[in-house]
Amino acid sequence: NEGRQGLINILDLVVRGDDRGSLVALESEKSLPFPLKRVYYIFGTQAGVSRGFHAHHSLKQVLVCVSGSCRVLLDDGQCREDTILNSPDKGLLIEGVVWREMHDFSSDCVLLVLASDYYNENDYVRSYSEFLRLVG
Ligand code: TYD
């Protein structure tokens with residue numbers, strides 16, 4: 001169920017499709033490898049805008065681009081790898097202390113984020129130099 005290629009860990013989400021169309025269901029601790037506590041989504045991103053630019057101490061997330069496309073760059077302090085998310089049946093799993101940036105949002109991009117914990121500013125690492133110190 002997981003296609004690991006270095007930093008980029010893609011989960012193949014099960015699509016329940018029939019002649020009416022498609023449906024993906026995600027269940028805490030089953031299709032997601034952590035207890036789900038928070039869902040948010042990023043949409044209406046203005047042209048040329050990039051987001052993210054932080055790491056987390058302990059948060060785990062799965063990112064699903066349910067509409068449109070965007071590019072996610074991950075950096076573990078040693079390698080930087082990016083991937084284009086453009087399919088509602090692919091989830092990008094991000095865990096560990098990994099710097100993330102989101103770029104190249106299409107105007108119709110809706111980026112769904114499933115997170116293992118509530119929003120907590122104390123879990124953020126917003127300084128790249130502090131991030132490098134943490135993973136170094
Ligand atoms: P921000 O951290 O800048 O988003 P990103 O890093 O994905 O670009 O978040 C934008 C604002 O939304 C900021 O004021 C914090 C707030 N926020 C919440 O209140 N709850 C959340 O779950 C998230 C992700 C952000």
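Everything numeric here is computed off the predicted structure, so don't read it as measured data. Along each chain, residue indices are assigned from 1 in the same order as the chain's sequence is written. Local features are withheld for residues below a pLDDT of 70 in this predicted model, meaning they are given only at 70 or higher, and side-chain atom pairs are given and counted only at 80 or more; totals for whole chains, interfaces and linings count all residues.

J.: How should I be thinking about the overall build of the chain in this particular structure?
T.: Scanning the chain from N- to C-terminus turns up one helix and 13 strands. Tracing the chain from N to C terminus, the helices and strands come up as β-β-β-β-β-β-β-β-β-β-β-β-β-α. Each radius of gyration reported is based on C-alpha atoms, and the globular scaling rule is 2.2 Å times the count of residues to the power 0.38. For a compact globule of 136 residues, the expected C-alpha radius of gyration is about 14 Å, and the chain comes in at 15 Å, within 12% of that figure. Each of the three principal axes of the chain carries a C-alpha extent, and together these read 50 × 35 × 30 Å. To sort residues by burial, count the other C-beta atoms lying within 10 Å of each one's C-beta; a count of 20 or more means buried, 12 or fewer means exposed, and anything in between means partly exposed. C-beta atoms are built from the backbone. Expressed as a percentage of the 136 residues in the chain, the buried residues total 21%. Think of it this way: build a C-beta for each residue from its backbone, and any pair within 7 Å is a contact. In the chain, 75% of the contacts between residues at least 6 apart in sequence involve partners at least 24 apart. The way it works is that DSSP assigns letters per residue, a run of H or I at least four long becomes a helix, a run of E at least two long becomes a strand, and they are numbered from the N terminus.

J.: Would you take a moment to explain the site of the ligand for this structure?
T.: As used in this record, a residue near a molecule or strand is one whose C-beta atom, placed from the backbone, is within 6 Å of it. In the neighbourhood of the ligand, the contacting residues comprise Arg38, Tyr40, Arg51, Gly52, His54 and Tyr119. Elements with a contribution of two residues or more to the shell around the ligand: β5 (38–43) and β6 (51–56). Considering every element that reaches the shell around the ligand, the biggest residue donor is β6, with three residues.

J.: Is there a simple way to think about unusual backbone geometry in this case?
T.: A negative phi angle is the norm for most residues apart from glycine, just as the trans form is the norm for most peptide bonds. Located in the positive-phi region is Glu29, a residue other than glycine, with phi close to 65 degrees. Position of Glu29 relative to the elements: it lies in the loop between β4 (21–24) and β5. Residue classification places Glu29 among the exposed positions, given that 10 C-beta atoms sit within 10 Å. Despite not being glycine, Asp104 has its phi angle at roughly 55 degrees, a positive value. Mapped onto the elements, Asp104 comes out in the loop between β11 (99–103) and β12 (110–115). Note on Asp104: 17 C-beta atoms within 10 Å, which makes it partly exposed.

J.: How should I be thinking about the nonpolar core in this particular structure?
T.: Soluble, globular proteins show a tendency: their nonpolar side chains are buried together. Each nonpolar core consists of buried Ala, Val, Leu, Ile, Met, Phe, Trp, Tyr and Cys residues. Their C-beta atoms, within 7 Å, join them into a set. In terms of nonpolar packing, the biggest core is built from 20 residues, with Val62, Leu63, Cys70 and Val72 touching the most fellow members. Looking at this core, the elements that each hand over two or more residues are β7 (61–67), β8 (70–75), β10 (90–94) and β12. Tallying contributions element by element places β7 first for this core, with four residues.

J.: Where do I start with the pairing of β6 in this structure?
T.: A regular strand places its side chains on the two faces of the sheet in alternate fashion. Strand pairing requires that DSSP identify at least two bridges connecting the strands. Bridge analysis of β6 against β11 gives three bridges, and the strand direction is antiparallel. If you follow Arg51 over to β11, its bridge partner there is Met102. The sheet contact formed by β6 and strand β13 (residues 124–125) spans two bridges and is antiparallel. When the sheet's bridge partners are listed, His56 is paired in β13 with Tyr124.

J.: Help me understand the sheet that holds β13 in this model?
T.: Backbone-to-backbone hydrogen bonds pair the strands of a sheet. The strands run either parallel or antiparallel. In space, the five strands of this open sheet follow the order β9-β8-β11-β6-β13, with antiparallel pairing throughout. Every interior strand has two partners, whereas the edge strands, β9 (80–85) and β13, have only one.

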